[in-house]
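Structural characterization, general
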Amino acid sequence: MSERTPLLHYRLSTSVNEPSGEHQTCLSGETVEQSLAFSRLKSAHRSRPKKLSTFFGVVIPTLLSMFSVVVFLRIGFVVGQCGLYQAIAMFLVAYFIISMTVLSVCAISTNGALDAGGAYYMISRALGPEFGGSLGVMFFLANVCSSALFILGLVEAIVATFGLPEDGVSPAGSLQVLPAGYWWSLLYATGILLLCLLVCLVGAEIYAKASFLIFLVVMLVLATIFISFFTVCPRTILLPAALPVHNNTGPQPPNMANFTGFKLDTLLGNLDADYAVDYTTGTMMSFATVFAVMFNGCTGIMAGSNMSGDLKNPSYSIPRGTITAVIFTFIIYNLLSLMVACSCDRLLLQRDYSFLRDINVWNPLVTVGVYSSTMSAAMSNLIGASRILYALARDDLFGTVLSPAKKTSHNGNPWVSVLLSWFLVQLVLFTGKLNTIASIVTIFFLLVYAAVDLACLALEWASAPNFRPTFRYFTWHTCVLGIVGCAIMMFLINAIYASASIAFMLLLLLLIHYLSPTSSWGYISQALIFHQVRKYLLMLDVRKDHVKFWRPQLLLMVSNPRSSVGLITFINDIKKSGLYVLGHVQLGDLDTLPSDPLQCHYDSWLSLVDHLNIKAFVNLTLADSVRHGVQHLLFISGLGGMRPNTLVLGFYDDCTPKDKLTDSVLADAPVLTQDPEDERPPYHFPALRPSNDGMGENRKVMGPQEYVAVIADAMKMLKNVALARYFHQFDRASTISSSPGKGALYVDVWPVNLLRPDSSSYVDTCSLFLLQLACVLNMVRAWRHARLRLFLCVEEGRSLRGSEEKLGQLLKELRIKANVYTVPWDQQVALHWQRQGEVGKRRPTRQSQREEGLGKRGLFEEKEGGDGNYVNSFPSNATRLSDEYLSAVNRLILEQACPPPAVRFLYLPHPPADTQHYTAYLRQLDLLTKDLGPTLLIHGVTPVLTTDL
């Protein structure tokens, strides 16, 4: 009936999480070392030789699971309601569904040793804790309801044999002495359940040893049933009393029916369906309700799979034993259906579910078969449910809720789980009738079987090298057919119950996902994601890139995350669903080291990504210098069409770093582990020192020359570059929350090369790249209410209004919403020309030609050596840019900060071609951005904006 036998018959003395059998390819993804460790811990258990063959270890448990209520009490019910044609069709459909599942079970069970928990173990170790835990609960409930179903079936058989007639008067010499009725039946069921409880708490091992005896009894009863059809003479049988039907004013149904023996007329009368009222519940039967009752005789197919640890050869026994049991039960059910249809009239089949006892050569023998098989099944399900609950508790999927269920007796019996299972079975017994809960039990099992098929399908589709089961008679087609068949039958049986079961499972899935349990089982979702990502990465053709679909793909170089929290979170906002990589260079030479020193640091970096709630990858490299390390990362980061196109560096200055990781992040960070003592994640980043350069380690690990060389290298590789300064002052949470209303947050953009006052163009590639990044930031939900302020520097003699209108028109064409402000900077420019001694030199003609020709040539058509090259280049007279000019421009920027912006975007010119000027270049950037607050100096090398549709 359910997957109870392996938990009961042969493994009751072992704990749920014992590794069983010689581990083959481990289903849970455990390493060889872990498997060996488990083996050593259980050496005493493993020292006991495995003795169970295919017959004793798989066939008998599976047959005892499948032969129970249906074969003795409901075979006539199925034929009487549905007719022989539909009955055979039902068995074909049911066995088709379970056959697809059997193939999946055989595949999974031969891919590694199974432990206690049955379907829960297979699903959880294949699909991960979320699916495994939710479906484990469903499987537990299926066993609970199934145990109650068997007890109710046993009570039904007892009342039919020993219950008083409807008039309350027992015939002389009759054994019908027990009072009948709902409350009396509940009392009998409670007593039987208490007996099962006592056996589960005290005598479970005795029951396990008696399983073979029970099997012999069941087979003997079946043999006498088949013999009786041929040897018993036709007879008239007294029908049991039926429940009264409301508003029934017609004649009372007859109370006698006939066993005719083999007759053609009887067979013809039983071929077609004739659905009638169930005399035990008073409800009208249908194909779905009858199928729900019948399907209970087809469950229990995973009984042998759970026995893998006690089998001589699991990979040999499980497929052959399970398939043998399924074929045998299919033949028996169909033969019984045929013989019943040929020898019993319709009324007998519909009104007497225990008629096999009345037509048997020795009536008490069928009663013994019913009692023994049903009692065995009820007890098995009770113990099976307790073992599943114990397995769930041991896996800590529900935190402390199930922690009491971990308790065991001195011999390893989980007595608390047994008591909890007993209590739930007692609650289910209040339903009172077998047919009432049959639909619920069937839907639960169908859901679990569909999950097993899904687990096998996922393992097959993931194409993991370690999924190589020795049983190969399955494909993804059989898995899909099993899933579809289970889903269809669930909704045909009862759409409301099926929907409620799925909703309950999804609720459990979300709950377990929220609790975030840690496990070492391996996640099939990761294998499937890898498979799909690889496929789509191959389809992502870089030759088909287009400016319309450009997005920032960022490589942020981080020296020490402790002082870079603000920058890391800010860059996460401007990635616009693009690639985001945290890069780090550790200085060293692998030739002089015993092993790779980076491997032990990845966990800390990934924990950082989780706690900051950013969507980023981590790439660490070992190099002899920071410059070479950055080159490595620029060359190798990413795959296919997903490679960084923008390099982000911290600014090279002497700002005192602050450990934001300890001060802010860890205080509010969620705990990843379930150990209450682990209040903080295991970060292993070095402590900060008084002086930090923002790029290297806390001490200066590279000079300004190398720093500028890194910038130049990136531009040679056609990478955009952004230098981030003062982001140690940036706190995303306080910045966003400090804006009380819409428009209170500002982002300032200065799209002019402030180091080239003689060319204040704002329509070159670099300027437009600034606009694009600012627009991307404005599109992020948290920054959506921020206002872009675009500052246009103009000189005397040029039309302020005209320049503003032209820039406004450009922004309109680019669909960028920003406020344009014209800023006169004659005084600042005058300082520059005063130093140069060329005050009279201006470049209005070149600038105006550029603006007028914009609409004709397009935004990005800049010829090599033309204006774009001129504007981006570092001025040849750089050494003569005065500190007074740079300080004046710095003050000009500060004067426009009313109210002050959250962040500024400034134009970053190309480094000089002469490396001797690198230090001067960096000093000028330092003076330009001094005390500006969070600032990004940005240089773009590729077109990123278009006005085309």
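Residues numbered from 1 in each chain as written. Predicted model: local features only at pLDDT ≥ 70, side-chain atom pairs only at ≥ 80, totals over all residues. Heavy atoms only, no water.

1. Comments concerning helix α35 (residues 918-928)
- Inspection of α35 places Tyr 918, Tyr 921, Leu 922, Gln 924, Leu 925, Leu 927 and Leu 928 among the buried residues, and these make up the whole buried set.
- In the core, the buried residues of α35 are packed alongside α26 (704-716), β7 (720-725), α34 (883-895), β11 (903-907) and β12 (935-939). (Buried < 20%, exposed > 50% of the residue type's maximum accessible area, 1.4 Å probe, protein only. Helix = DSSP H or I, 4+ residues; strand = E, 2+ residues; numbered from the N terminus. Contact = heavy atoms within 4.5 Å.)

2. Quick word on the environment of Leu 790
- Position of Leu 790 among the secondary structure elements: in strand β9 (residues 787-794).
- Of the residues examined, Leu 790 reaches a relative accessible area of 1% and is grouped as buried.
- As for Leu 790 and Asp 748, which are separated by 42 residues in sequence, their C-alpha atoms are 6.1 Å apart.
- Other than its neighbours up to four places away in sequence, Leu 790 contacts Val 749, Pro 751, Leu 771, Leu 807, Leu 811, Asn 819, Val 820 and Tyr 821.

3. Things to note about the sheet that holds β9
- Read from one edge of the open sheet, 10 strands run β5-β4-β3-β6-β7-β12-β11-β8-β9-β10, paired in mixed fashion. Where the open sheet ends on each side, the last strands, each with one partner, are β5 (617-623) and β10 (819-824). On average, each strand axis in the sheet is inclined to that of its neighbour by 25°, with strand direction left out of account.
- As paired elements, strand β8 (residues 746-750) and β9 share four bridges and run parallel to each other. By the bridge assignment for β9, Val 749 is matched with Leu 790.
- Contacts between helix α24 (residues 626-636) and the sheet are confined to β3 (554-557), β4 (580-587), β5 and β6 (646-650), with β5 contributing the most and set at about 135° to the helix.
- On top of the sheet, α34 reaches β8, β10 and β11; it is set at about 140° to β11, its chief contact. (Pairing = 2+ DSSP bridges. Axes fitted to C-alpha atoms, helices over the stretch in contact; angles between N-to-C directions.)

4. Concerning the packing of aromatic side chains
- Counted by the stated rule, this structure contains 25 aromatic pairs.
- Where Phe 77 meets Tyr 353, the ring centres are 5.2 Å apart and the plane angle is 80°; that geometry is what we call edge-to-face. In this pair, Phe 77 is assigned in helix α5 (residues 69-109) and Tyr 353 in the loop between α14 (346-351) and α15 (355-358), connecting sequence segments 276 residues apart.
- A residue is classified by how much of its surface remains accessible, and Phe 77, at 0% relative accessible area, is buried.
- Here the aromatic rings of Phe 570 and Trp 783 are separated by 6.0 Å at their centres, their planes lie at 80°, and the arrangement is edge-to-face. A residue pair is termed long-range when its members are at least 10 positions apart, and Phe 570 in helix α22 (residues 565-573) and Trp 783 in the loop between α28 (765-779) and β9 qualify at 213 residues.
- Judged by relative accessible area, Trp 783 falls into the buried class, the value being 0%.
- Taken together, the aromatic side chains of Phe 570, Phe 727, Phe 730 and Trp 783 make up a single cluster linked through ring pairs.
- We note Lys 535 situated over the ring of Tyr 536; from NZ or CZ to the ring centre the distance is 5.3 Å. (Phe/Tyr/Trp six-rings, centres within 6.5 Å; stacked < 30°, edge-to-face > 60°. Lys NZ or Arg CZ within 6 Å of the ring centre and 35° of its normal.)

5. Remarks on the nonpolar core
- Residues Ile 98, Ile 151, Phe 229 and Leu 336 are the most contacted members of the largest nonpolar core, which totals 158 residues.
- When residues of this core are assigned to their parent elements, the largest contribution, 23 residues, is made by α5.
- Setting aside its immediate chain neighbours within four residues, Leu 336 contacts Val 71, Ile 75, Leu 222, Ile 225, Phe 226 and Phe 229. (Core = buried A, V, L, I, M, F, W, Y, C linked by side-chain atoms within 4.5 Å.)

6. Quick notes on the packing of helix α10 (residues 211-231) against helix α16 (residues 363-394)
- Packing of α10 against α16 brings their axes to within 9 Å, and their N-to-C directions diverge by 140°. One element, α10, and the other, α16, form an angle in the oblique class. Both α10 and α16 take part in a crossing whose hand is left-handed. Contact residues: α10 offers Ile 214, Val 217, Val 218, Leu 220, Val 221, Thr 224 and Ile 225, while α16 offers Leu 365, Val 366, Val 368, Gly 369, Ser 372, Ser 373 and Ser 376.
- Split by residue class, the contact of α10 with α16 holds nine nonpolar, five polar and no charged. (Parallel < 35°, antiparallel > 145°, perpendicular 65-115°, else oblique. Left-handed = near helix turned anticlockwise from the far one by under 90°. Nonpolar A, V, L, I, M, F, W, Y, C, P; charged D, E, K, R; others polar.)

7. Quick word on the side chain of Glu 706
- Residue placement: Glu 706 occurs in helix α26.
- The contacts of Glu 706, once residues within four sequence positions are left out, are Ser 625, Val 626, Arg 627 and Val 701.

8. Some points on the confidence of the model for the chain
- Predicted confidence across the chain gives a mean pLDDT of 77, with 77% of residues reaching 70 or more.
- Contacts for the low-pLDDT stretch residues 663-681, under 50 throughout, to residues beyond four places or in other chains number 27 contacts.
- A low-confidence stretch, residues 839-872 stays under pLDDT 50, and its non-local contacts, those more than four residues away or across chains, total 52 contacts. (pLDDT = per-residue confidence, 0-100.)

9. Quick look at a nonpolar patch on the surface
- Among the surface-exposed residues, Phe 55, Phe 56, Phe 212, Leu 213 and Leu 216 lie close enough to one another that they form a single nonpolar patch of about 440 Å² accessible area.
- Those elements that place two or more of their residues in the nonpolar patch are α4 (54-66) and α10.
- In terms of residues, the nonpolar patch owes the most to one element, α10, which gives three residues.
- Positionally, Phe 56 belongs in helix α4. (Patch = residues over 30% accessible without salt bridge, like charges linked within 9 Å, V, L, I, M, F, W, Y side chains within 5 Å. Areas by Shrake-Rupley, 256 points an atom, 1.4 Å probe, with all protein chains shown as cover. Salt bridge = Lys/Arg side-chain N within 4 Å of Asp/Glu carboxyl O.)

10. Topic: the pattern of salt bridges
- Scanning the entire structure with this criterion turns up nine salt bridges.
- For Asp 653, the salt bridge is made with Arg 725, and the minimal N-O distance between the two is 3.3 Å. Placement of Asp 653 in the loop between β6 and α25 (660-668) and of Arg 725 in strand β7 is noted, with a sequence separation of 72 residues between them.
- Look at Asp 653 and you get buried, because its relative accessible area is 10%.
- Residues participating in the shared-partner salt-bridge network are Asp 653, Arg 725 and Asp 926.

11. Considering the state of the cysteines
- Counted by the stated rule, this structure contains zero disulfides.
- Here Cys 479 stays free of any disulfide, with the sulfur of Cys 456 as its closest cysteine sulfur at 3.7 Å. (Disulfide = S-S within 2.5 Å.)

12. What to know about the pairing of β7
- For β7, the buried fraction is high: six of the six residues fall into the buried class.
- With burial as the criterion, each face of β7 is covered, one bearing Asn 720, Ala 722 and Ala 724 and the other bearing Val 721, Leu 723 and Arg 725.
- Where β6 meets β7, five bridges bridge the pair, whose relative direction is parallel. Within β7, the residue paired with Gly 650 across the bridge is Ala 724.

13. Section: the pairing of β4
- Counting buried positions along β4 gives six out of eight residues, so the element sits mostly inside the fold.
- Where β3 and β4 come together, four bridges link them in parallel fashion. When the bridges of β4 are listed, Met 557 appears paired with Gly 583.
- Viewed along the sheet, the connection from β3 through α22 into β4 turns out right-handed. (Right-handed = clockwise from strand over helix to strand, strands pointing away.)

14. Notes on the side chain of Ser 124
- Along the chain, the position of Ser 124 falls in helix α6 (residues 119-127).
- Residue classification places Ser 124 among the buried positions, given a relative accessible area of 0%.
- If near-sequence neighbours (up to four positions away) are discounted, Ser 124 is found in contact with Pro 129, Gly 132 and Trp 521.

15. Considering the packing of α16 against helix α17 (residues 415-428)
- Two elements in contact, α16 and α17, have axes whose closest approach is 8 Å; the angle formed by their N-to-C orientations is 125°. The angle between α16 and α17 falls in the class oblique. As α16 packs across α17, the resulting crossing turns out to be right-handed. Taken together, the residues of α17 that come into contact with α16 (itself represented by Leu 382, Ala 385, Ser 386, Arg 387, Leu 389 and Tyr 390) are Ser 417, Val 418, Leu 420, Ser 421, Trp 422 and Val 425.

16. Examining helix α23 (residues 602-612)
- Listed as buried for α23 are Ser 604, Trp 605, Ser 607, Leu 608, Val 609, His 611 and Leu 612.
- Asn 613 occupies a position one or two residues after α23 and carries a positive phi of about 55°.

17. Concerning the environment of Ser 882
- Inspection of the secondary structure puts Ser 882 in the loop between α33 (867-872) and α34.
- The buried category is assigned to Ser 882, whose relative accessible area is 4%.
- Along the chain, Ser 882 and Leu 831 lie 51 residues apart, while their C-alpha atoms are 7.8 Å from each other.
- There is a polar contact of 3.0 Å between the side chain of Ser 882 and the backbone nitrogen of Tyr 885. (Polar contact = N/O pair within 3.5 Å; in protein donor to acceptor, adjacent residues only side chain to side chain.)

18. Here's the deal with unusual backbone geometry
- The phi angle at Asn 613 is positive, at roughly 55°, despite the residue not being glycine.
- Within the secondary structure, Asn 613 is located in the loop between α23 and β5.
- Accessibility expressed as a relative area gives 65% for Asn 613, which makes it exposed.
- Positioned with a positive phi, Leu 718 is a non-glycine residue whose angle comes to about 60°.
- By secondary structure assignment, the location of Leu 718 is in the loop between α26 and β7.

19. Examining a positive patch on the surface
- A contiguous patch of positive charge, built from Arg 551, Lys 576, Arg 781 and Arg 784, is present on the exposed surface.
- By secondary structure assignment, the location of Arg 784 is in the loop between α28 and β9.
- Note on Arg 784: relative accessible area 45%, which makes it partly exposed. (Lys, Arg positive; Asp, Glu negative; His and termini not counted. Charge placed at Lys NZ, Arg CZ, Asp CG, Glu CD.)

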